[in-house]
Amino acid sequence: ILERGYVRPKLPEINTLSDVVSLLRNSENILVLCGAGISTSLGIPDFRSEGGIYERVQARYPFLDDPQMLFDLDQFLVDPRPFYEFAAEIFPPEEALRKPSFCHRFIAQLERSGKLLRCYTQNIDGLERAAGISRTIFCHGSFDTLRCVKCNRSRAICEQDRHQIRRGNVIYCERCTGEEALHANDKRSSLDDGLASDSEDSCGSDGFDPEPVMKPGIVFFGEPLPQEFFDSIEDDLRRADMLLVIGTSLQVAPVADMPRSLDASVPQILVNREVVARARIQFDVELLGDCDFIVRLIAELLGWSDKIGDTERCS
Ligand code: APR
């Protein structure tokens, strides 16, 4: 699918906002690809903008050669504290979980209208789940599960964990540290999520005996994307009749290669504050500006404003 140097020609009939609205009205298999830009209105910084995560990491941890090291698995295994100290800044605040952004709620409305083929999100804040978008692939994982790097036991995140993460505290494996009995009640609630797996094999690096730290279920650099991404992507790229990219700089493969893996006839729309500088990607329409504002305008033109509204939790 990825032909060397090929750039898809723009579709001549798709040029304006009203063309985009007609497309949305007539499409039934919309592929949404979103990034950190759809959560910034909730106070969650994106990665590469001024004042974003990487700029903050660089300022706080100048010893890191590259701010992305904060999300590097080997670095985490050696010392999880910088990650956990910083996680508090990217972990969704309570009010965001209660009321995701207008973009999240618009994507949920696409699903309720039977138009959403799939939402591929690069975000780890889990707000697509909070917005009730069930057809979501969390390409870079999420904070919703935790796994011990020593005994490999995984479980759903619980309120006590959220409390810890918002305070920048490292979360340790209660079983390995022998504290499990102390939290029997909490454990029962999180184990009920059916995510507990007791496989004994450690998942730390060979020969290195890591602290029994719980690693959030986000995809660190050095880790593979979730299998569900690979199980869905080929068929979804074949079935999509429209691509809507919202709030991402498209810097990280393989997600960033999705637009140029689509058939040239599939219309591609960008909603973002800035153009996307990625080789061989050509959108038919680039709606540049604040994504919540643009998507709210689109929703009004679709006659969806009352369906989405500003109500609390969508699901
Ligand atoms: N409205 C529109 N666009 C916005 C808004 C907004 N309110 N806020 C931010 N943006 C845009 C920025 O201009 C930028 O182009 O969203 C994009 C966010 O880009 P990044 O910060 O690079 O975030 P993202 O594309 O999601 O990063 C992808 O990189 O480091 C990895 O794993 C990390 O998932 C992340 C991946």
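What counts, and where the lines are drawn
Residues numbered from 1 in each chain as written. Predicted model: local features only at pLDDT ≥ 70, side-chain atom pairs only at ≥ 80, totals over all residues. Heavy atoms only, no water. Disulfide = S-S within 2.5 Å. Buried < 20%, exposed > 50% of the residue type's maximum accessible area, 1.4 Å probe, protein only. UniProt positions renumbered as here; feature names shortened; annotations may be inferred. Contact = heavy atoms within 4.5 Å. Polar contact = N/O pair within 3.5 Å; in protein donor to acceptor, adjacent residues only side chain to side chain. Domains from an automatic or database assignment. Buried area = accessible area lost by both parts, 1.4 Å probe. Salt bridge = Lys/Arg side-chain N within 4 Å of Asp/Glu carboxyl O. Nonpolar A, V, L, I, M, F, W, Y, C, P; charged D, E, K, R; others polar.

Draft legend 1. Expanded view of the state of the cysteines. One pass over the structure, following the stated rule, counts zero disulfides. The thiol sulfur of C34 is not disulfide-bonded, and the nearest other cysteine sulfur, from C119, lies at 3.7 Å. What makes C34 buried here is its relative accessible area of 0%. No disulfide involves C158; its nearest neighbouring cysteine sulfur is the one of C173, lying 13 Å away. Overall, C158 belongs to the buried group, its relative accessible area being 9%.

Draft legend 2. The UniProt feature "active site" (unreviewed entry) in the chain, seen in detail. Those places that UniProt annotates as "active site" (unreviewed entry) correspond, in this numbering, to H140. Taking relative accessible area as the criterion, H140 reaches 14% and is therefore assigned buried. Residues in contact with H140, not counting those within four places in the same chain, are T121, Q122, I124, I218, V219, L225, V252 and V255. A distance of 3.4 Å separates a polar side-chain atom of H140 from the backbone oxygen of Q122.

Draft legend 3. Highlighting the domain arrangement of the chain. For the chain, the domain assignment lists domain 1 (17-42 + 100-140 + 225-302) and domain 2 (53-91 + 142-218). The interface of domain 1 with domain 2 comprises five residues on the first partner and five residues on the second. Regarding the contact of domain 1 and domain 2, the summed buried area is about 470 Å², with carbon and sulfur atoms giving 58% of it. Inspection of the region where domain 1 meets domain 2 yields one salt bridge. Residues D144 and R129 are paired through a salt bridge, measuring 1.9 Å at the closest nitrogen-oxygen approach. Across the contact surface, domain 1 and domain 2 share two residue pairs in polar contact (both at pLDDT 80 or more). Residue classes in the side of domain 1 that touches domain 2 are distributed as two nonpolar, two polar and one charged.

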